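Residues per chain are reported as follows:
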Amino acid sequence: MKILVTGGAGYIGSHTVVELLNANHDVIVVDDFSNSNPKVLKYIKEITKKDFVFIEGSLLDKALLDNIFKNNKIDVVIHFAGYKAVGESVKKPLMYYDNNLISTIYLLEIMEKYKVYNLAFSSSATVYGTPKKLPITENMTLHTTNPYGTTKLMIETILNDLKKSNEKWSIALLRYFNPIGAHESGLIGEEPNGIPNNLMPYIVEVASGKLKELKIFGNDYDTKDGTGVRDYIHVVDLAKGHVSAINYVNNNVGVEAFNLGTGIGYSVLDIVKSFERVNNVTIPYKIVERRPGDIAECYADVTKAKKMLDWSAEKTIDDMCRDAYQFILKNKD
Ligand code: UD1
């Protein structure tokens, strides 16, 4: 299939492009490098020994989008492009609504114009807000707690409306849990700007000596050791989930949401211990106040993805910790 990947130079996007090329798909990547680095394109080619088309630009550029669709017979779009920092979205809500919503609407308009109705959308478990029961199933009530999450939920709503307007649409809403880790080559991985907000990027910077100690946000949650529990998923497993999702949308119609996680919850201390053991390092940490907006526990019921996408995550928490650190060691400079 010919797949257009928006945001294909980013963290999850780049790993997905690798798996799409490995599965012999034709890939066109569009990315404006607003939160990614051009060197990633070279590394994808090095890993896969395959080529793909790259177009630098923003989805807000309607003429650029039109040209891509005019010049290529695209079968499926995977839409990653968008801003994704929760804290930043609270400070700059308009920037998030403007970029994430408008760019998606432009993309959908062009898809409609060129009769390309197959889409996999990069959503997030953030649409479940504070879950009322665990594990989380796709049919649970949705609500959000920050503008970033709201853009994901609004786009899901738009996509549901679109399907009602034309039954040809086939859309997978991929709700990611906590993607971590890196490609085992150590060539591509997560490179946050500035001081990381998320757990694993923070831990690797402590391990590599860039940051002094990890601050664990609370040890008084109602969890097995008091620290927050999440469903961490290896980014390569997540990328493979997209390959399954494009096969699904290509053979079905309608809108379906899928949880992409492992179904297993690990605490912050579990992650620290696993990271220390597999990488033979010490992670100094101190317990501090809870982070506002955090929930105690979040993990997926992954039955639906297993059944309908024939996909499930395979890598372990040790793989995630090892690969995340190897990437940083290889890219220290
Ligand atoms: C966050 C986002 C979520 C987004 C996801 C992307 C928030 C509130 N939520 O999820 O919308 O989809 O990232 O991966 O930001 N922790 C520490 N110390 C740290 C960092 C984190 O103790 O320095 C703890 C947190 O309290 C939490 C766990 O580690 O219990 C995971 O945190 P994080 O990696 O930021 O992910 P989420 O908050 O689950």
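As a reminder, the structure under discussion sits directly above these lines.
Residues numbered from 1 in each chain as written. Predicted model: local features only at pLDDT ≥ 70, side-chain atom pairs only at ≥ 80, totals over all residues. Heavy atoms only, no water.

Trainee: For the pairing of strand E3 (residues 53–56), give the residues involved together with the corresponding values.
Mentor: Each regular strand displays side chains that alternate between the two surfaces of the sheet. In the sheet, strand E2 (residues 26–31) pairs with E3 via four bridges, with the strands oriented parallel. Each bridged residue has a counterpart across the sheet, and for Val-29 the counterpart in E3 is Phe-54. As a crossover connection, the stretch from E2 through helix H2 (residues 39–48) into E3 is right-handed. (Pairing = 2+ DSSP bridges. Helix = DSSP H or I, 4+ residues; strand = E, 2+ residues; numbered from the N terminus. Right-handed = clockwise from strand over helix to strand, strands pointing away.)

Trainee: Quick rundown of the sheet that holds strand E6 (residues 170–176)? Include the residues and the values.
Mentor: An order of E3-E2-E1-E4-E5-E6-E11 is seen for the seven strands of this open sheet, with the pairing classed as parallel. Both edges of this open sheet fall to E3 and strand E11 (254–260), since each of them pairs with a single strand only. For this sheet the average axis-to-axis angle between neighbouring strands, irrespective of direction, equals 20°. Packed onto the sheet, helix H5 (residues 93–113) meets strand E1 (2–6), strand E4 (76–79) and strand E5 (118–124) and runs at close to 180° relative to E4. (Axes fitted to C-alpha atoms, helices over the stretch in contact; angles between N-to-C directions. Contact = heavy atoms within 4.5 Å.)

Trainee: Help me get a handle on helix H7 (residues 199–207), residues and values and all.
Mentor: In terms of residue burial, H7 counts as a mostly covered element, since nine of its nine residues are buried. Those residues of H7 that are buried are in contact with strand E7 (178–180), strand E8 (214–217), strand E10 (232–234), helix H9 (268–279) and helix H11 (317–330). (Buried < 20%, exposed > 50% of the residue type's maximum accessible area, 1.4 Å probe, protein only.)

Trainee: Could you give me a rundown of the nonpolar core, with the residues and numbers involved?
Mentor: With 41 residues, the main nonpolar core has Val-5, Leu-20, Val-27, Leu-174, Phe-258 and Leu-260 as its most contacted residues. It is helix H8 (residues 235–251) that contributes the most residues to this core, eight residues altogether. Excluding residues that lie within four positions of it along the chain, Phe-258 makes contacts with Glu-138, Ala-172, Leu-173, Leu-174, Arg-175, Tyr-248, Lys-304, Ala-305, Met-308 and Leu-309. Of all hydrophobic cores here, the second largest spans 28 residues; its members include Ile-68, Leu-108, Val-116 and Phe-121. (Core = buried A, V, L, I, M, F, W, Y, C linked by side-chain atoms within 4.5 Å.)

Trainee: How would you explain the packing of aromatic side chains if you had to name every residue and give the values?
Mentor: As enumerated under the stated definition, the model contains seven aromatic pairs in all. Between Phe-275 and Tyr-325, the aromatic rings sit 5.4 Å apart at their centres with planes inclined by 65°, giving edge-to-face as the arrangement. Separated by 50 residues along the polypeptide, Phe-275 in helix H9 and Tyr-325 in helix H11 bring together distant segments of the chain. The same class applies to Phe-275 as to Tyr-325, namely buried. Over the aromatic face of Tyr-221 sits the side chain of Arg-290, whose NZ or CZ is 4.0 Å from the ring centroid. Here the basic side chain of Lys-304 rests over the ring of Phe-258, its NZ or CZ set 5.2 Å away from the ring centre. (Phe/Tyr/Trp six-rings, centres within 6.5 Å; stacked < 30°, edge-to-face > 60°. Lys NZ or Arg CZ within 6 Å of the ring centre and 35° of its normal.)

Trainee: Can you explain the side chain of Glu-190? Please cite residues and give values.
Mentor: Tracing the sequence through the fold places Glu-190 in the loop between E7 and H7. Notably, Glu-190 is buried but unbridged: the nearest opposite-charge side chain belongs to Lys-84, and the N-O separation is 4.5 Å. With residues up to four places along the chain from it excluded, the contact list for Glu-190 reads Tyr-11, Lys-84, Pro-201 and Phe-327. (Lys, Arg positive; Asp, Glu negative; His and termini not counted. Salt bridge = Lys/Arg side-chain N within 4 Å of Asp/Glu carboxyl O.)

Trainee: Before we move on, could you go through the site of the ligand and cite the residues and values that matter?
Mentor: Near the ligand lie 19 residues; those nearest to it are Leu-199, Lys-215, Arg-230, Arg-291 and Asp-294. Between Leu-199 and the ligand, the recorded distance is 2.8 Å, taken from a backbone N or O atom to an oxygen atom. In this structure, an oxygen atom belonging to the ligand sits 2.6 Å away from a side-chain N or O atom of Asp-294. Computed on the free molecule, the ligand has an accessible area of 730 Å², of which 85% lies beneath the protein chains in the complex. For the shell around the ligand, the secondary-structure elements that each account for two or more residues are E7 and E8. With four residues, the top contributor of residues to the shell around the ligand is E8. Each residue belonging to the shell around the ligand can be placed in one class, and the counts come to nine nonpolar, six polar and four charged. (Near = heavy atom within 4 Å. Polar contact = N/O pair within 3.5 Å; in protein donor to acceptor, adjacent residues only side chain to side chain. Areas by Shrake-Rupley, 256 points an atom, 1.4 Å probe, with all protein chains shown as cover. Nonpolar A, V, L, I, M, F, W, Y, C, P; charged D, E, K, R; others polar.)

Trainee: Run through the pairing of E6, naming residues and quoting values.
Mentor: In terms of burial, E6 is largely enclosed, as seven of its seven residues are buried. Residues Ser-170, Ala-172, Leu-174 and Tyr-176 line one face of E6 and the alternating positions Ile-171, Leu-173 and Arg-175 line the opposite face, and both faces are buried. Sheet analysis places E5 next to E6, joined by seven bridges and oriented parallel. Residue pairing for E6: Ser-122 is matched across the bridge by Leu-174. A crossover connection joins E5 to the parallel E6 through helix H6 (residues 147–165); in handedness this β-α-β unit is right-handed.

Trainee: Lay out the sheet that holds strand E12 (residues 266–267) in plain terms, naming residues and giving numbers.
Mentor: Strand order across the open sheet formed by three strands is E12-E9-E14, with mixed pairing between neighbours. Single-partner strands in this sheet number two, and they are E12 and strand E14 (297–298). Pairing analysis gives two bridges linking strand E9 (residues 229–230) to E14, with the strands arranged parallel. Note that in E14 the partner of Val-229 across the bridge is Glu-297.

Trainee: Go over unusual backbone geometry, please, and point to the residues and values.
Mentor: In this model, Leu-134 is joined to Pro-135 through a cis peptide bond whose omega is -5°. As for its placement among the helices and strands, Pro-135 is situated in the loop between E5 and H6. Not every positive phi belongs to a glycine, and Asn-24 is a case in point at roughly 65°. Within the secondary structure, Asn-24 is located in the loop between helix H1 (11–22) and E2. We note that Phe-33 has phi near 60°; this positive angle belongs to a residue other than glycine. Of note, Phe-33 is situated in the loop between E2 and H2.

These values are about where atoms sit, not about what they do.
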